[in-house]
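Breakdown of the fold
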Amino acid sequence: MNISPDMASLIGATPLIRLRQPSEQTGCTILGKAEFLNPGGSIKDRTALGLMLDAERSGRLRPGGTVVEGTAGNTGIGLALLGASRGYRAVITLPETQSREKIDALRVTGAEVRLVPAVPYANPAHYAHVARRLSEDMNQAAPGSAWFADQFDNTANRDFHEASTGVEIWEQTDGQIDGFVCATGTGGTLAGVGRALKARKPSVTIALADPAGSALASYVNSGELKAEGGSISEGIGSSRITANFRDAPIDLAWSIDDAESLPWVHALLAGEGLNVGGSSGVNVAGAVRLARALGPGHTIVTVLADTGTRYQAKLFNPAFLHAKGLPVPQWLERAFPAATH
Ligand code: PMP
């Protein structure tokens, strides 16, 4: 018999898929780590598991305890599903601007969902601060009852990506990898994978694909946290340097706008049957930039972080995209004719 004991055992060990169109356009081999195949539907299942295992080991999360976290959605979904599987309650705060589909996916996990206004991190009403205060209040009322996962500044996030995502990519490519690129939210994926790969092969180029509206590309290139424009992508970009991002070994960084990334979301679906979310579009656009920087013949890995169905009403909605002035492929216009007028 070959049986998986529980939901946690389904996390990770995702396939690495050759992305045909970006590979053909650049003469490189561009590979996507299929993180949308995780049981909670995103790469953040790994983060949730890494943080939770660390908290269980250290005794900060006790049997029957409450998990509290602030999230753009995917980490909350991962934590809540793991909680359902392992006997923890989940209380999740997230900005009300996140996609309806993600909020609904979170609600059906049984988590207590608290939507808060989308405000900058410096504002005490920011979702991460609200979550931290909630956990402090719970622990004051019942000591040891709540655990604040703290995905942005708890480096168990990065460490788990180093030990799982990074090692998997190394083994799946037999070490024949020249570059890795992705966008960051917490920084856990980029820092963790970057460290795993650099430790094994210092010549691997690690690159940041930063969405417009985020300050990180400017920080890497000039030392200044400066943001321009905005993006419809969710779960990525930052106005500050998190503990997970701080020591990431980054060689190159680009700011990538929606007009560059969104066509990749549509092309992966129409041309390769891969339905992925907006951050994956930024990642693939970043992989194409890295391929052009390294030249033909190189192998580049990026991340397909979650599924496009989580953003149906935005990424695949002609009316929404037209209103944002973004390109809409003909096939999408035909699929939703009423919505285009
Ligand atoms: N893509 C998506 C869809 C996400 O939800 C996140 C995390 N919020 C990321 C990418 C970024 O991953 P990380 O937090 O590891 O930087």
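Here, the structure is the one placed above.
Here goes a summary of the coordinates provided. Remember, predicted model here, so these are calculated numbers, not experimental data.

Reading guide: rules and limits
Residues numbered from 1 in each chain as written. Predicted model: local features only at pLDDT ≥ 70, side-chain atom pairs only at ≥ 80, totals over all residues. Heavy atoms only, no water. Helix = DSSP H or I, 4+ residues; strand = E, 2+ residues; numbered from the N terminus. Buried < 20%, exposed > 50% of the residue type's maximum accessible area, 1.4 Å probe, protein only. Contact = heavy atoms within 4.5 Å. Pairing = 2+ DSSP bridges. Axes fitted to C-alpha atoms, helices over the stretch in contact; angles between N-to-C directions. Expected span 1.5 Å × (residues − 1). Salt bridge = Lys/Arg side-chain N within 4 Å of Asp/Glu carboxyl O. Core = buried A, V, L, I, M, F, W, Y, C linked by side-chain atoms within 4.5 Å.

1. Comments concerning the environment of glycine 144
- With respect to the element layout, glycine 144 can be found in the loop between helix 5 (127-141) and strand 6 (146-148).
- Looking at glycine 144, the relative accessible area reads 24%, which means it is partly exposed.
- Contact partners of glycine 144, with chain neighbours within four places excluded, come to Arg62 and Asn139.

2. Considerations on the pairing of strand 2 (residues 29-34)
- Among the six residues that make up strand 2, five are buried, leaving the element largely enclosed by the rest of the structure.
- Summarising the sheet, strand 1 (residues 16-18) and strand 2 pair through three bridges and their orientation is antiparallel. Paired with isoleucine 17 across the bridge in strand 2 is glycine 32.
- Bridge count for strand 2 against strand 10 (residues 299-304) is six bridges, and the pairing is parallel. What sits directly across from alanine 34, in strand 10, is leucine 304.

3. Points about the sheet that holds strand 9 (residues 252-256)
- Taken together, the six strands give an open sheet; going across it, the order is 1-2-10-7-8-9, and neighbouring strands pair in mixed fashion. Where the open sheet ends on each side, the last strands, each with one partner, are strand 1 and strand 9. Within this sheet the neighbouring strands show an average axis-to-axis angle of 25°, counted without direction.

4. Topic: helix 11 (residues 278-294)
- Taking 1.5 Å of rise per residue, 17 residues should cover 24 Å, and helix 11 covers 24 Å from first to last C-alpha, within 8% of that figure.
- Counted residue by residue, helix 11 has 13 buried out of 17 residues, so it is predominantly covered.
- Glycine 295, located one to two residues past helix 11, shows a positive phi value of around 95°.

5. A word on the pattern of salt bridges
- Scanning the model with the defined rule gives 17 salt bridges in all.
- Between arginine 240 and aspartate 153 there is a salt bridge; the shortest N-O distance is 2.9 Å. With arginine 240 in the loop between helix 8 (216-222) and helix 9 (243-246) and aspartate 153 in the loop between strand 6 and helix 6 (156-172), this pair connects stretches of sequence that are 87 residues apart.
- On the basis of relative accessibility, which here comes to 18%, the residue arginine 240 falls in the buried class.
- One salt bridge connects glutamate 234 with lysine 314, and the closest N-O pair in it is separated by 2.8 Å. Taken as a pair, glutamate 234 in the loop between helix 8 and helix 9 and lysine 314 in helix 12 (residues 312-315) lie far apart in primary sequence, 80 residues in all. Taken as a pair, glutamate 234 and lysine 314 share a single burial class, namely buried.
- Ionic contacts of the salt-bridge type, sharing partners, join the residues Lys33, Glu35, Arg46 and Glu168 into one network.

6. Notes on the nonpolar core
- Counting 26 residues, the largest nonpolar core has Leu19, Ile30, Val181, Leu268, Ile300 and Leu304 as the members making the most contacts within it.
- Among the elements of the structure, strand 2, strand 8 (205-211), strand 9, helix 10 (258-272), helix 11 and strand 10 are those that each provide at least two residues to this core.
- A per-element tally of this core places helix 11 first, with seven residues.
- If sequence neighbours within four positions are ignored, isoleucine 300 has contacts with Cys28, Thr29, Ile30, Leu31, Gly179, Val181, Ala287, Leu290, Ala291 and Leu294.
- Within the second largest apolar cluster, 23 residues are counted, among which are Ile169, Val193, Val204 and Leu216.

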